[in-house]
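Reading the structure
Read off the chains here:
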Amino acid sequence: MENPKLSDAKLFTVKDFSSLWEERLYNYTYNPLPSNPNKPFTLVMPSTNQAPTLQREFLLYTPCEGVSYIGTVAQTMGYDVELIDLRMDGTLETAAQRVAERGGVLAMPTFVDSIPQNMELLELVRKKNKDVVIILGGALVSSLPEPICEALEVDFAILQEGEITLVELLEFLDSGGKKENSVHIMGLAIKMNDGRIVKTLPRPQIKTLDSVPIPNLFLYPSIKINPYIPEMGLTTARGCYGRCTFCFVNIPKMRFKSVKRVDEEIADLVKNYKTEYLYINDLTFTADIKRTWHICDVLAKHGLKWSCSTRVEKTDPALLKKMYESGCKEIWYGVESLDQDILNITQKNQTVDQINEAIDMTLDAGITVMANLIVGLPGETQASLEKMFQFVEKAPVIPASIKFLTPFPGTPIYEEAKRRGIVKNDIEYLISLADRQVNNVKDEIYNFTELTDQELREAFARLTEIKNRRFEQLRETDHDLKNKLYRTDPQKELLKKVRSS
Ligand code: B12
Ligand code: SF4
């Protein structure tokens, strides 16, 4: 990565405490330390029970961006990073054994469905080696730090955006710092030796996303064996300016990577991992229309096919045309509901008219429309479901992601679920989430409506039937879709072969 001058980056105009740590992060990024075998750092990526979302299957097996950043930052600090990817290979027992042998730091992400695995692995590690420093991170622990840290064998949880806090925490530990003296480090939940959980001051978010290193995907064992990631997810921005009541935004403030940095990241993916198709993971890719325009030029330059998610009111015909011409195949819109009252209750801050306009403009531009829909939002009735059916029947929209409303910790809906007794115990609830497949009609329903569970399931089944029909139609007509990309998990297959030979 080219090393821009600090002054050019206009990074640290305000010399607050957190900026100093961001400056440290920046320095590690552009002047990484050599790997030190005496500083073991093991990352364990849990497996998942989730059913793949059509067209985004690869997200379940390819590198997970948050984890890649955390591993790469530790590596730039001279840590000897080993990543164990349980989605591909191994068991909790073998992973715990390896962590215990290596000692040092164990870092593990928490996903919506990972709590049972987090719990079991950390207990196994503690039994085998009491000295391992255990760090959790990710959206789930950030949304519910106290109960999770109380229930699990953990030393520190890094809350929300992880990189700067990781730098400060690892430097503190490197210099012999003790857990009970770490309360000055912002962005942590600390489990003290007497079991108390101390939450420190919130960590301000990173000012410039270019201070974070480009992820080293060779940390993943499957990529080491076969550096081939034909389809890949990438964020060009972090944060979201929406505050919908059903959604947890772990890293709320909207910030953008520079266009130059996005260019470098894509070049890295194309050159080192032969990526041909990119799913842009930004919550609202078209948030800044002018910038999106420039990123389209970058995507076109690299000859990629790509898709993205965005909000319906952030589209315009000229931009959509530009997106199409630069390789955009699909746009995933957060439609959620076609009932204005429900959109208002959930503070989605969009109108049904805006949804319909966006769909028409997108189809006119030649881009496939993927709709994210939620069944069972507060206020759902047979009439609102009927509007949803009409919407997906009337235009060739693919209801690509259909979900029953799930109360996610950290959201107003979750608080409501607790008030109503739909969720009684945080940890028991999180354990139950691990069984859900997400895109599955049989998933447990947390019912906030006057409708019966059976009625909600019937609506889900009807939408799923339309989804499958539409995908079949699309496969018949779309050359790219036919040829790509249902190569589910090439790395996994290869890894199996290599291991068994
Ligand atoms: C890509 C994606 C997926 C992919 C891949 C998930 C993955 N493993 O990364 C797939 C399609 C599989 C997926 C599935 C789901 N996802 Co998803 N997904 C995303 C998405 C769009 C991008 C993730 C990303 O790359 N972010 C960018 C990185 C930089 O941010 P980050 O992941 O938060 O990582 C930072 C910190 O969390 C922290 N961190 C992360 N890991 C670790 C680990 C350690 C050890 C440490 C110290 C720190 C740390 O540091 C990172 C860098 O700052 C996010 C939204 C978003 N833009 O963040 C939602 C998001 C993470 N998903 C979410 C949800 C709800 C789901 C689903 C449950 C779907 C559903 N029911 O609607 C499933 C469940 C998946 C699961 N196994 O838990 C929620 C999480 C909410 C919550 N409270 O946990 C998010 C925030 C979106 C939202 N607002 O609804 N998802
Ligand atoms: S649903 Fe979409 S717009 Fe609303 S807060 Fe979540 S990511 Fe933002």
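Residues numbered from 1 in each chain as written. Chains lettered and ligands numbered in written order. Predicted model: local features only at pLDDT ≥ 70, side-chain atom pairs only at ≥ 80, totals over all residues.

Digging into the sheet that holds strand β4 (residues 133–137)
As a reminder of what qualifies: Strands pair, by our definition, only if DSSP identifies at least two bridges between them. Put simply, DSSP H or I for four residues or longer makes a helix, DSSP E for two residues or longer makes a strand, and each gets a number counted from the N terminus. In this analysis, axes come from line fits to C-alpha atoms, helices being fitted only over the stretch in contact, and the angle between any two N-to-C directions falls in the range 0 to 180 degrees. Each residue gets a C-beta atom placed from its backbone, and two residues are in contact if those atoms lie within 7 Å.
In space, the seven strands of this open sheet follow the order β2-β1-β3-β4-β5-β6-β7, with mixed pairing throughout. Each edge of the open sheet is held by one strand with a lone partner, namely β2 (79–85) and β7 (197–199). Within this sheet the neighbouring strands show an average axis-to-axis angle of 20°, counted without direction. Across the sheet, helix α4 (residues 92–102) is in contact with β1 (36–45), β2 and β3 (105–109); its angle to β1 comes to roughly 160°.

With respect to the nonpolar core
Where a protein is soluble and globular, its nonpolar side chains tend to be buried together. This is how it is decided: Note on terminology: a nonpolar core is a set of buried residues of type Ala, Val, Leu, Ile, Met, Phe, Trp, Tyr or Cys, with members joined through C-beta atoms within 7 Å. Here the C-beta atoms are placed from the backbone, and a residue counts as buried if at least 20 other C-beta atoms lie within 10 Å of its own, exposed if 12 or fewer do, and partly exposed otherwise. The source of the domain bounds is an automatic or database domain assignment.
In terms of nonpolar packing, the biggest core is built from 133 residues, with A157 and A371 touching the most fellow members. Ranked by the residues each element gives to this core, the list is headed by strand β14 (residues 368–375), at six residues. Split by domain, this core shows at least three residues from each of two domains, domain 1 (16–199) and domain 2 (231–482).

So, the domain arrangement of the protein
For the protein, the assigned domains are domain 1 (16–199) and domain 2 (231–482). Here the C-alpha centre of domain 2 lies 28 Å away from the C-alpha centre of domain 1. Where the side of domain 1 that touches domain 2 is concerned, the elements lending two or more residues are α5 (115–128), α6 (139–143) and α7 (145–151).

Description of the site of ligand 1
How we decide: Using the backbone to place each C-beta atom, any residue with that atom within 6 Å of a molecule or strand is considered near it. Residues were grouped as follows: Ala, Val, Leu, Ile, Met, Phe, Trp, Tyr, Cys and Pro as nonpolar; Asp, Glu, Lys and Arg as charged; and all remaining residues, including Gly, as polar.
The local shell around ligand 1 holds 44 residues, among which E65, G66, F111, G137 and G162 are the closest. Listed by contribution, the elements that provide at least two residues to the shell around ligand 1 are α3 (65–76), β3, β4, α6 and α8 (163–174). If you tally residues by element for the shell around ligand 1, the top one is α3, at five residues. Here the residues of the shell around ligand 1 sort into 24 nonpolar, 14 polar and six charged. Summarising the domain contributions, the shell around ligand 1 has at least three residues from each of domain 1 (16–199) and domain 2 (231–482).

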